[in-house]
Amino acid sequence: MKIIMLGAPGAGKGTQAQRIAKDYGIPHISTGDIFRKNLKEETPLGLEAKTYMDRGALVPDDLTIRMLLARIGEADCRNGYVLDGFPRTVPQAEKLTEVLAQTGDKVDFALDVTVPDEDIVERMSGRRSCPGCGRTYHIVYAAPQKEGVCDSCGAALVLRADDAPETVLKRLAVYHEQTEPLIAYYEGQGVLRRIDGTVSMEDVYAQIVALLGEPAEA
Ligand code: AMP
C-alpha cells in the first residue's frame, strides 16, 4: 500500500504516518527527517538543504526528488510506504506518478489532513522534536512521559529552528502556494481522501483506519 500524507506543516501528518507505518507494517518516509539526518551528519546534501530549511523555504525539487527516489528504491519499500512531507510541489508529484507508472503502479491513498491556519500556529509553538530519532511531541497534546526527554531514545527534546513562530508563518504561506495544489492533483487521480485534523489524535487515526481498512495484524 502506497500512502501519501498531505496537509499543512503541523497538521499532525508525522504522528499519524508513524502510527500507520507501525500498524500496517510499511516504512514511514519523511523527507524532512532525511534532510535533518543529513544535516546532523553534515553531508553535502544536508548542508545544502539547511540553507532552505532554516528560512522555511522548500529544498529544490531536483535534489528532493533524487533523494526520495533512492529511498523508495530500497528493499523495505517493496510492499509500500507512507510518505510524509513528499510530494510538496506539483513537479514532485508528477515525477512520483511517472516513476510508479513505469512498473504499472500508483499511489493508493493521498490523505489530506485538514487543520485551519490559526490552529497550526498554536500547535507548532508547542511542538518538540527528538534530534536523536526524529520522534515528535507536543507539550500539551502529546507530551513525553518525562518532560523534555524522548520516550523512544532518551535524547533531550528541542524546538526545531523551523518551528519558530516566524518560520511557521512562512512555511504556511509556502504550503498554500506550492503544496495545496496537490489536493486537486490527487483528486484528479481519484485517490484523495479528506481527514478532519482538528479532532484528537485518536479520532484522526480512527478516520484513517476507516478509510484504509483495519490493518492485517492489528
Ligand atoms: P518537515 O519536517 O516535513 O516539515 O520538513 C522540514 C523542511 O524540510 C521543510 O520546511 C523543507 O525545507 C524541507 N523539505 C521536506 N520535505 C520537502 C520536500 N518534499 N520538498 C522540498 N523541501 C522539503
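See above for the structure.
Small disclaimer: the values here were computed from a predicted structure and weren't measured.

### Some points on the nonpolar core
So, point 1. Counting residues in hydrophobic clusters, the biggest one holds 53 residues, and the most contacted among them are Met5, Ile20, Leu83, Leu96 and Tyr186.
So, point 2. In this structure, Tyr186 is in contact with Ile4, Leu6, Pro87, Ala93, Leu96, Val107, Ala110, Val191 and Leu192, ignoring residues within four places of it in sequence.

### Section: the sheet that holds strand E7 (residues 192-196)
So, point 1. Ordered by their spatial adjacency, five strands build an open sheet running E2-E3-E1-E4-E7, and the pairing between neighbours is parallel. At either margin of the open sheet sits one strand with a lone partner, and together these are strand E2 (28-30) and E7. On average, each strand axis in the sheet is tilted by 25° relative to the strand beside it, whichever way the strands run.
So, point 2. Judged from the four bridges that link them, strand E1 (residues 2-6) and strand E3 (residues 81-84) form a sheet pairing that is parallel. Bridge pairing in E3 links Ile3 to Val82.

### Considering the pattern of salt bridges
So, point 1. Tallied over the entire structure, the rule returns 12 salt bridges.
So, point 2. Across the salt bridge formed by Asp105 and Lys2, the nearest N and O atoms sit 2.7 Å from each other. In this pair, Asp105 sits in the loop between helix H5 (90-101) and strand E4 (109-114) while Lys2 sits in strand E1, placing the two residues 103 residues apart along the sequence.
So, point 3. Between Glu74 and Arg71 there is a salt bridge, and its shortest N-O distance comes to 3.3 Å.
So, point 4. Several salt bridges share partner residues, and in doing so they unite Arg71, Glu74 and Asp76 into one network.

### So, helix H6 (residues 117-125)
So, point 1. Within H6, burial applies to Ile120, Arg123 and Met124. Taken around the axis of H6, the buried residues stretch over an arc of 90°, which confines them to a single face.
So, point 2. Tucked into the core, H6 has its buried residues touching strand E5 (127-129), strand E6 (136-138) and helix H7 (165-179).

### Looking at the site of the ligand
So, point 1. Contacts to the ligand come from 16 residues, most closely from Thr31, Ala57, Gly85, Gln92 and Arg171.
So, point 2. Contacts to the ligand include Arg36, whose side-chain N or O atom sits 2.9 Å from an oxygen atom.
So, point 3. With respect to the ligand, the backbone of Gly85 contributes an N or O atom lying 2.8 Å from a nitrogen atom.
So, point 4. A total of four residues in the shell around the ligand trace back to one element, the largest contributor, which is helix H2 (residues 31-40).

### Some words on a nonpolar patch on the surface
So, point 1. Nonpolar side chains collect at one region of the surface, where Ile139, Val140 and Tyr141 lie side by side and expose about 330 Å² of accessible area between them.
So, point 2. Along the chain, Tyr141 falls in the loop between E6 and H7.

### Brief notes about the packing of aromatic side chains
So, point 1. Within the structure shown, the criterion is met by one aromatic pair.
So, point 2. Plain terms: the ring middles of Tyr185 and Tyr186 are 5.0 Å apart, the flat faces sit at 85° to each other, and that makes the pair edge-to-face.
So, point 3. The buried category is assigned to Tyr186, whose relative accessible area is 0%.

### Here's the deal with the environment of Tyr141
So, point 1. For Tyr141, a relative accessible area of 48% puts it in the partly exposed group.
So, point 2. Once the C-alpha coordinates of Tyr141 and Asp162 are considered, the two residues, 21 residues apart in sequence, prove to be 20 Å apart.

### Quick notes on the side chain of Arg123
So, point 1. Within the fold, Arg123 resides in helix H6.
So, point 2. Buried charge Arg123 goes without a salt bridge, the closest partner of opposite sign being Asp119 at 5.6 Å.
So, point 3. Apart from the residues lying within four places of it in its own chain, the contact partners of Arg123 are Gly10, Ala11, Gly12, Val115, His138, Tyr141, Gly197 and Thr198.

### Some words on the side chain of Lys13
So, point 1. Position of Lys13 among the secondary structure elements: in helix H1 (residues 13-24).
So, point 2. For Lys13, which is buried and forms no salt bridge, the nearest opposite charge comes from Asp84, at a distance of 4.8 Å.
So, point 3. Leave out the neighbours within four places in its chain, and Lys13 touches Met5, Leu6, Gly7, Ala8, Asp84 and Gly85.

Here is what the cut-offs are and how they apply
Residues numbered from 1 in each chain as written. Predicted model: local features only at pLDDT ≥ 70, side-chain atom pairs only at ≥ 80, totals over all residues. Heavy atoms only, no water. Core = buried A, V, L, I, M, F, W, Y, C linked by side-chain atoms within 4.5 Å. Buried < 20%, exposed > 50% of the residue type's maximum accessible area, 1.4 Å probe, protein only. Contact = heavy atoms within 4.5 Å. Pairing = 2+ DSSP bridges. Helix = DSSP H or I, 4+ residues; strand = E, 2+ residues; numbered from the N terminus. Axes fitted to C-alpha atoms, helices over the stretch in contact; angles between N-to-C directions. Salt bridge = Lys/Arg side-chain N within 4 Å of Asp/Glu carboxyl O. Arc of directions from axis to C-beta. Near = heavy atom within 4 Å. Polar contact = N/O pair within 3.5 Å; in protein donor to acceptor, adjacent residues only side chain to side chain. Patch = residues over 30% accessible without salt bridge, like charges linked within 9 Å, V, L, I, M, F, W, Y side chains within 5 Å. Areas by Shrake-Rupley, 256 points an atom, 1.4 Å probe, with all protein chains shown as cover. Phe/Tyr/Trp six-rings, centres within 6.5 Å; stacked < 30°, edge-to-face > 60°. Lys, Arg positive; Asp, Glu negative; His and termini not counted.

That's the geometry; what it means functionally is another story.
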